[in-house]
Amino acid sequence: MSQPEPLRDVIARHGLQASKALGQNFILDRQLLAKIAAVPGDIDGQTIYEVGPGPGGLTRALLERGAQVVAVERDRRFAPALAELGDEFPGKLEFVEADALKVEASELAGRGARVVSNLPYNVGTALLLRWLTDGWPPWWASLTLMFQKEVAERIVASPESDAYGRLSILAQWRCEAKLAMRLGRSAFVPAPKVESAVVNIIPASAPDGVGSERLEQITQAAFGQRRKMLRSSLRSVPGAIEALERIGIDPKRRAETLAVADFVSLARELG
Ligand code: SAM
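Please read all numbers here as calculations on a predicted model, not as lab measurements. (Residues numbered from 1 in each chain as written. Predicted model: local features only at pLDDT ≥ 70, side-chain atom pairs only at ≥ 80, totals over all residues. Heavy atoms only, no water.)

Turning next to the overall build of the chain. Within the chain, the regular secondary structure consists of 12 helices and 7 strands. For the chain, the C-alpha radius of gyration of 21 Å lies close to 18 Å, the compact-globule estimate for 271 residues. The C-alpha extent of the chain, read off along each of the three principal axes, is 65 × 35 × 30 Å. Split into buried and exposed, the 271 residues of the chain put 48% on the buried side. For the chain, contacts bridging at least 24 residues in sequence account for 67% of all contacts bridging at least 6. Here the chain displays about 12,700 Å² of accessible surface, and carbon together with sulfur accounts for 48% of that area. (Helix = DSSP H or I, 4+ residues; strand = E, 2+ residues; numbered from the N terminus. Rg over C-alpha atoms; globule rule 2.2 N^0.38 Å. Buried < 20%, exposed > 50% of the residue type's maximum accessible area, 1.4 Å probe, protein only. Contact = heavy atoms within 4.5 Å. Areas by Shrake-Rupley, 256 points an atom, 1.4 Å probe, with all protein chains shown as cover.)

In structure tokens form, the structure reads like this:
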């Protein structure tokens, strides 16, 4: 196959100035894009849901791995470049012009799709929280997502670290979450102010007898005052201190010392 047109040229030919308001920081390096597209493993013949294809660099890398791509982009200026890409991979790319926060991803992509996206930073966490708290098992088979480095570190954090908190518990209590790649600022055009990282999340079976709303209530209270002892931070959750004692967790401990499994046990005990 002949080499694809450099993305820089695609952007120049279509006059695609990056919009800061829409979180547009593009990756132009095809090798790097191929590495990101490889994170979810073998995707040949599988459906990929991509938020924010922009000029289509990651989209092409996914198509080249044999995937069927449903790409949701809010900025209509990218439509002509994406239409050209669609012509190169007939029947493989579906472009949806929409705000990803306002669409039903499961309906667009179907159950079992994988999500791969260099997310706009301003909507990344909102989308992740939605996907993590949707019904279980989730509609998606995996999430491979770019975040600001600090957010990625919070998602995969272990206890006893500053990054460990509510997002870590929500991401890890019924999923395996791993940091797959780190990217410096210079990987993007224009370069953002922050460093980035790709996280890979694979769902697991949910622990029995634990409601996600209860778990969210506990983690919100516990990490809302993370420097305080649990006997103080969990006072707002009726019965939580007694439940801690019943399951053998010292209420004098602080939230960040509890393992994800401890929060799960507490949520189960509270019912
Ligand atoms: N995928 C391209 C890449 O890797 O170079 C572009 C990534 S850029 C960080 C984020 C993209 O998300 C932009 O194309 C932007 O227009 C798009 N975007 C921003 N907010 C969006 C939203 N709410 N829904 C859909 N797309 C959005």
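Structure's up, so let's keep going.
A few words now on the domain arrangement of the chain. When cut into domains, the chain gives domain 1 (7–203) and domain 2 (212–270). Inter-centroid distance (C-alpha atoms) of domain 1 to domain 2 is 33 Å. Contacts between the two partners involve 13 residues from domain 1 and, on the opposite side, 16 residues from domain 2. When domain 1 packs against domain 2, the two sides together hide about 1,200 Å² of surface, and 64% of this comes from carbon and sulfur. Our count for the domain 1 to domain 2 interface comes out at 1 salt bridge. For Asp162, the salt bridge is made with Arg227, and the minimal N-O distance between the two is 3.8 Å. By residue number, the principal contributor to the side of domain 1 that touches domain 2 is helix α8 (residues 166–172), which donates 4 residues. Residues belonging to the side of domain 1 that touches domain 2 are distributed by class as follows: 5 nonpolar, 4 polar and 4 charged. (Domains from an automatic or database assignment. Buried area = accessible area lost by both parts, 1.4 Å probe. Salt bridge = Lys/Arg side-chain N within 4 Å of Asp/Glu carboxyl O. Nonpolar A, V, L, I, M, F, W, Y, C, P; charged D, E, K, R; others polar.)

Tracing the backbone shows Lys102 in the loop between β3 (93–97) and α5 (105–109). On a C-alpha basis, the gap between Lys102 and Asn122 in space is 15 Å, while along the polypeptide they are 20 residues apart.

A separate point is the site of the ligand. What surrounds the ligand is a group of 21 residues, the closest being Gln24, Gly52, Glu73, Asp99 and Asn118. With respect to the ligand, the backbone of Gly52 contributes an N or O atom lying 2.8 Å from a nitrogen atom. Between the ligand and the protein, one listed contact pairs a nitrogen atom with a backbone N or O atom of Pro53 at 3.3 Å. Across the complex, the protein chains shield 99% of the 600 Å² of accessible surface that the ligand would expose by itself. Here the ligand occupies the largest pocket. Here the shell around the ligand is built from residues that sort into 10 nonpolar, 6 polar and 5 charged. (Near = heavy atom within 4 Å. Polar contact = N/O pair within 3.5 Å; in protein donor to acceptor, adjacent residues only side chain to side chain. 1 Å grid on protein atoms, 1.4 Å probe; cavity = no way out; pocket = protein on both sides within 12 Å on 5 of 7 lines; lining within 4 Å. Sits in = over half its atoms within 2 Å of the grid points.)

Moving on, we get to the environment of Thr219. Locating Thr219 in the fold gives a position in helix α9 (residues 212–224). Of the residues examined, Thr219 reaches a relative accessible area of 0% and is grouped as buried. Separated by 110 residues in sequence, Thr219 and Ala109 have C-alpha atoms that sit 31 Å apart. Beyond its immediate stretch of four places on either side in the chain, Thr219 contacts Arg166, Ile169, Gly224 and Phe263. There is a polar contact of 3.2 Å between the side chain of Thr219 and the backbone oxygen of Glu216.

Next up on the list: the layout of surface pockets. Here the largest pocket defines a volume of roughly 460 Å³. Along the walls of the largest pocket sit 32 residues, with Leu22, Gly52, Glu73, Asn118 and Pro120 positioned nearest its centre. Taken together, the elements giving at least two residues each to the lining of the largest pocket come down to β1 (47–51), α3 (57–64), β2 (68–73) and α6 (121–133). In terms of residue class, the lining of the largest pocket is made up of 18 nonpolar, 9 polar and 5 charged. Counted as a void, the second largest pocket has a volume near 260 Å³. As for the second largest pocket, its lining consists of 14 residues, and the residues nearest its centre are Lys20, Asn25, Tyr121, Pro192 and Lys193. Grouping the amino acids of the lining of the second largest pocket by side-chain chemistry returns 6 nonpolar, 6 polar and 2 charged. (Points joined across faces, edges and corners; volume = space filled by probe spheres on them.)

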